[in-house]
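# What the coordinates show
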Amino acid sequence: MSQIKEKYEIYPMYIDGSWVGEEQGSFTKVTNPATGMVIGAIPTGGTTEAKQAVDAAHRAFKTWSKKTAEERSHLLMKWHRLIDENKEELAKLMTLEQGKPLKEALGEMDYANGFISWYAEEGKRIYGETIPASQPNKRILVRKEPVGVVAAITPWNFPAAMITRKVAPALAAGCTTVIKPATQTPLTALKLAELAHEAGIPKGVLNVVTGKSSEIGEAWLKDPRVTKITFTGSTEVGKTLMRNAAENVKKVSLELGGNAPFIVMDDANLQKAAVGLVQSKFRNAGQTCICTNRIYVHEKVAEEFTVLFKKELEKLKVGNGLDEGIDIGPLIDRDALEKVKMLVDDATKNGGKVVFSGEQPTELEGFYYAPTILSGITDDMACMKEEIFGPIAPISTFKTEEEVIERANNSVYGLAAYVYTENLSRSFRITEALEYGIIGLNDALPSAVQVPFGGYKESGLGREGGHFGIEEFLEVKYISIGLEL
Ligand SMILES: NC(=O)c1ccc[n+]([C@@H]2O[C@H](COP(=O)([O-])OP(=O)(O)OC[C@H]3O[C@@H](n4cnc5c(N)ncnc54)[C@H](O)[C@@H]3O)[C@@H](O)[C@H]2O)c1
Ligand SMILES: O=C[C@H](O)CS(=O)(=O)O
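Given the structure is predicted, the values throughout are model-derived calculations rather than measurements.

### Regarding the overall build of the protein chain
Helices and strands together make up the secondary structure of the protein chain, namely 16 helices and 22 strands. Computed over its C-alpha atoms, the radius of gyration of the protein chain comes to 24 Å, within 12% of the 23 Å expected for a compact globule of 485 residues. Principal-axis analysis of the C-alpha atoms places the extent of the protein chain at approximately 75 × 70 × 40 Å. Taken over 485 residues, the protein chain has a buried fraction of 57%. The long-range fraction of contacts in the protein chain, counting pairs at least 24 apart against all pairs at least 6 apart in sequence, stands at 73%. About 20300 Å² of surface is accessible on the protein chain, with carbon and sulfur atoms providing 52% of the total. Here the protein chain contributes 56 positively and 65 negatively charged side chains, and the mean placements of these two sets differ by 4 Å.

### Some thoughts on the site of ligand 2
Around ligand 2 sit Tyr-111, Asn-157, Phe-158, Met-162, Arg-165, Arg-283, Thr-288, Cys-289, Ile-290, Ser-447 and Phe-453, and that is every residue in its neighbourhood. Interatomic distance of 2.7 Å between a side-chain N/O atom of Tyr-111 and an oxygen atom of ligand 2. Within the side chain of Asn-157, an N or O atom sits 2.9 Å from an oxygen atom of ligand 2. Calculation on ligand 2 without its partners gives an accessible area of 280 Å², and the protein chains cover 98% of this total. Split by residue class, the shell around ligand 2 holds 6 nonpolar, 3 polar and 2 charged.

### Section: the pairing of strand 12 (residues 260-264)
In terms of burial, strand 12 is largely enclosed, as 5 of its 5 residues are buried. Both faces of strand 12 are covered, namely the face carrying Ala-260, Phe-262 and Val-264 and the face carrying Pro-261 and Ile-263. Strand direction decides the pairing type here: strand 12 and strand 13 (residues 292-298), joined by 5 bridges, are parallel. Among the inter-strand pairings, Ile-263 is bridged to a residue of strand 13, identified as Tyr-296. Running through helix 10 (residues 270-282), the crossover from strand 12 to the neighbouring parallel element strand 13 is right-handed. Two strands pair when backbone bridges link them, and strand 12 and strand 18 (residues 416-420) are joined in this way by 3 bridges, in the parallel orientation. Bridge pairing in strand 18 places Phe-262 opposite Tyr-418.

### As for helix 3 (residues 69-85)
Its 17 residues place the ends of helix 3 24 Å apart at the C-alpha level, agreeing with the 24 Å of an ideal helix rising 1.5 Å per residue. Along helix 3, the residues that are buried comprise Arg-72, Ser-73, Leu-75, Leu-76, Trp-79, His-80, Leu-82 and Ile-83. Residues of helix 3 that are buried in the fold lie against helix 2 (47-64), helix 4 (87-98), helix 5 (102-122), helix 6 (161-173), helix 7 (187-199) and strand 9 (206-208).

### Brief notes about the sheet that holds strand 13
Taking strand neighbours across the sheet as the criterion, the 7 strands line up as 14-15-16-13-12-18-19 in an open arrangement whose pairing is mixed. Edge positions in the sheet fall to strand 14 (353-357) and strand 19 (438-441), since each has one partner strand and no second. When strand polarity is set aside, the average angle formed by the axes of neighbouring strands in this sheet is 20°. Note: strand 18 against strand 19, 4 bridges, orientation parallel. By the bridge assignment for strand 19, Ala-417 is matched with Ile-439.

### Remarks on the packing of aromatic side chains
As enumerated under the stated definition, the model contains 7 aromatic pairs in all. Relative to Phe-389, the ring of Trp-156 has its centre 5.6 Å away and its plane inclined at 85°; by these criteria the two rings are edge-to-face. One end of the pair, Trp-156, is in the loop between strand 7 (149-153) and helix 6; the other, Phe-389, is in the loop between helix 13 (382-385) and strand 16 (392-398), and 233 residues separate them in sequence. Across this residue pair, the class does not change: Trp-156 and Phe-389 are buried. Plain terms: the ring middles of Phe-262 and Tyr-420 are 5.1 Å apart, the flat faces sit at 20° to each other, and that makes the pair stacked. Remark: Tyr-420 occurs in strand 18 and Phe-262 occurs in strand 12; sequence separation between them is 158 residues.

### A word on the site of ligand 1
By nearness alone, 26 residues border ligand 1, and Thr-154, Arg-165, Lys-180, Ser-234 and Glu-387 come closest of all. Here Ser-234 contributes a side-chain N or O atom positioned 2.7 Å from an oxygen atom of ligand 1. Against a free-state accessible area of 840 Å², the protein chains account for coverage of 86% of ligand 1. Secondary structure elements with two or more residues in the shell around ligand 1: helix 6, helix 8 (213-222), strand 10 (226-232) and helix 9 (235-245).

### Examining the UniProt feature "domain: Aldehyde dehydrogenase" (unreviewed entry) in the protein chain
Within this structure's numbering, the places UniProt gives as "domain: Aldehyde dehydrogenase" (unreviewed entry) are residues 19-479. Note that residues 19-479 is 40% helix and 21% strand, and that its end C-alpha atoms are spaced 42 Å apart.

### Considerations on the side chain of Thr-230
Tracing the chain through its elements places Thr-230 in strand 10. Its relative accessible area of 1% is what places Thr-230 among the buried residues. Among the polar contacts listed, one links the side chain of Thr-230 to the side chain of Lys-166, at a separation of 2.8 Å. If we skip the residues at most four places from it in the chain, Thr-230 touches Val-150, Ala-151, Ala-152, Ile-153, Lys-166, Ser-253, Glu-464 and Phe-473.

### Concerning the packing of helix 3 against helix 7
Contact geometry of helix 3 with helix 7 gives a least axis separation of 8 Å together with a crossing angle of 130°. With respect to each other, helix 3 and helix 7 are oriented oblique. In the crossing of helix 3 with helix 7, the sense of the turn from one axis to the other is right-handed. Between helix 3, through Leu-75, Lys-78, Trp-79, Leu-82 and Ile-83, and helix 7, the contact on the second element is made entirely by Leu-192, Leu-195, Ala-196, Glu-198 and Ala-199. The class makeup of the residues in the contact of helix 3 with helix 7 is 8 nonpolar, no polar and 2 charged.

Parameters and conventions
Residues numbered from 1 in each chain as written. Chains lettered and ligands numbered in written order. Predicted model: local features only at pLDDT ≥ 70, side-chain atom pairs only at ≥ 80, totals over all residues. Heavy atoms only, no water. Helix = DSSP H or I, 4+ residues; strand = E, 2+ residues; numbered from the N terminus. Rg over C-alpha atoms; globule rule 2.2 N^0.38 Å. Buried < 20%, exposed > 50% of the residue type's maximum accessible area, 1.4 Å probe, protein only. Contact = heavy atoms within 4.5 Å. Areas by Shrake-Rupley, 256 points an atom, 1.4 Å probe, with all protein chains shown as cover. Lys, Arg positive; Asp, Glu negative; His and termini not counted. Charge placed at Lys NZ, Arg CZ, Asp CG, Glu CD. Near = heavy atom within 4 Å. Polar contact = N/O pair within 3.5 Å; in protein donor to acceptor, adjacent residues only side chain to side chain. Nonpolar A, V, L, I, M, F, W, Y, C, P; charged D, E, K, R; others polar. Pairing = 2+ DSSP bridges. Right-handed = clockwise from strand over helix to strand, strands pointing away. Expected span 1.5 Å × (residues − 1). Axes fitted to C-alpha atoms, helices over the stretch in contact; angles between N-to-C directions. Phe/Tyr/Trp six-rings, centres within 6.5 Å; stacked < 30°, edge-to-face > 60°. UniProt positions renumbered as here; feature names shortened; annotations may be inferred. Parallel < 35°, antiparallel > 145°, perpendicular 65-115°, else oblique. Left-handed = near helix turned anticlockwise from the far one by under 90°.

See the structure below:
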């Protein structure tokens with residue numbers, strides 16, 4: 001018997017309404033990034049389990065897609081109620097496997113559950129239309145139909161919300177789903193599946209497969225019964241999936257990486273901008289796709305702003321997310337920690353300076369890095385070109401509006417951008433010139449369930465959230481009717 005199975009609690013996969021995989025010979029440990037301790041293990045599924053999940057989802061689609069929107073909404077709301085009743089347990093599980101502070105995990109649970117209640121209603125508003133025909137004996141009807149079996153592959157940084165942001169609209173539209181959560185954070189996904197089962201969502205409608213990512217992804221890409229891949233993760237993996245989806249022209253939605261500029265104009269409310277920058281930079285220890293990555297401050301106000309920003313950072317506490325009063329938890333793993341250290345080294349070797357770094361909790365076992373401010377940063381440094389995904393804040397100065405817009409747009413990414421200015425005309429000039437799908441204008445936390453979340457350029461394809469998000473799971477069909485008049 002596997003040593004892992006003997007030592008750790010196994011969290012089985014959820015396929016076709018049953019918990020499977022404990023009989024497997026191979027398991028993958030799930031580790032708490034705050035302590036390095038193993039908190040459980042999952043079966044290392046692959047092609048076989050990926051196919052079994054599609055078998056189940058394909059069978060279930062025949063009946064789930066024929067339910068009324070009202071019936072699907074009722075079941076989604078039962079799931080919503082159970083998630084709300086189990087929010088604290090889900091949040092603790094999330095903090096244990098992902099590391100974010102409990103208060104952030106509770107916030108993510110509300111955000112994640114918000115997609116379920118939003119789409120439980122939105123599913124009732126999938127309207128078609130009639131189009132005036134150009135010939136008197138014809139009538140034209142347009143209807144929207146569920147695309148079919150949807151494969152969802154999700155990242156580790158938002159273990160609940162990145163799943164419900166896909167699964168809620170898919171189910172509301174009448175689709176069925178096969179889900180592959182990130183290997184680092186599968187437990188939250190499996191708990192959500194348990195609650196969906198308890199809510200009475202029929203077997204096969206929602207399936208969770210854990211294990212070998214590329215093998216599972218390849219199986220779903222090749223399976224003609226899977227009509228859509230919806231992926232959230234790195235741009236690199238997104239490109240691989242998009243390339244392979246071309247093989248059989250499979251639909252893809254991609255929510256990919258970011259490199260958000262945070263622009264502080266000389267007429268900004270500097271205190272508000274400093275507070276906003278902490279919110280945007282250090283949420284989830286800097287591990288969100290829309291975290292500020294590059295900070296551009298007008299040279300006239302750079303010194304004053306940096307002092308205000310530093311004062312805000314001094315209030316932040318680093319530690320285990322389960323402990324009271326913690327603002328910044330560990331990074332997800334050792335690679336993430338080493339990357340952050342590399343980015344700081346690269347900056348300082350090329351002329352950048354560390355103007356502030358919080359107390360590094362060296363006594364703790366986890367992958368911790370204290371919030372750090374870098375100044376004297378230039379656009380050719382790695383921290384300005386790569387997605388940092390960690391708690392370092394590189395500050396660069398600029399002279400003119402035209403200069404900062406050009407520098408902010410000079411990236412292959414186009415997900416989120418932030419602008420702080422008190423001038424109305426300047427607000428419109430800059431926000432309309434920025435090549436980003438999400439813009440926070442004097443607002444550092446633009447995410448919500450009702451917005452079309454997504455990016456320009458290599459930050460993705462499609463949108464999630466709001467009425468835009470359900471369109472990703474619908475096909476458009478028109479019927480041209482010839483009449484005897
Ligand atoms: N745009 C958004 O909404 C959004 C949201 C969250 C995270 N992200 C991005 O996700 C990245 C961090 O997440 P991550 O480290 O989990 O990303 P990742 O790309 O490494 O992994 C994402 C998911 O894909 C799976 N995967 C990896 N290789 C695969 C393959 N070859 N075939 C199929 N599946 C594969 C992983 O197991 C995981 O489930 C960052 O770049 C972040 O910006 C974007
Ligand atoms: O990391 C990406 C998430 O989409 C961020 S948010 O929680 O939606 O803001």
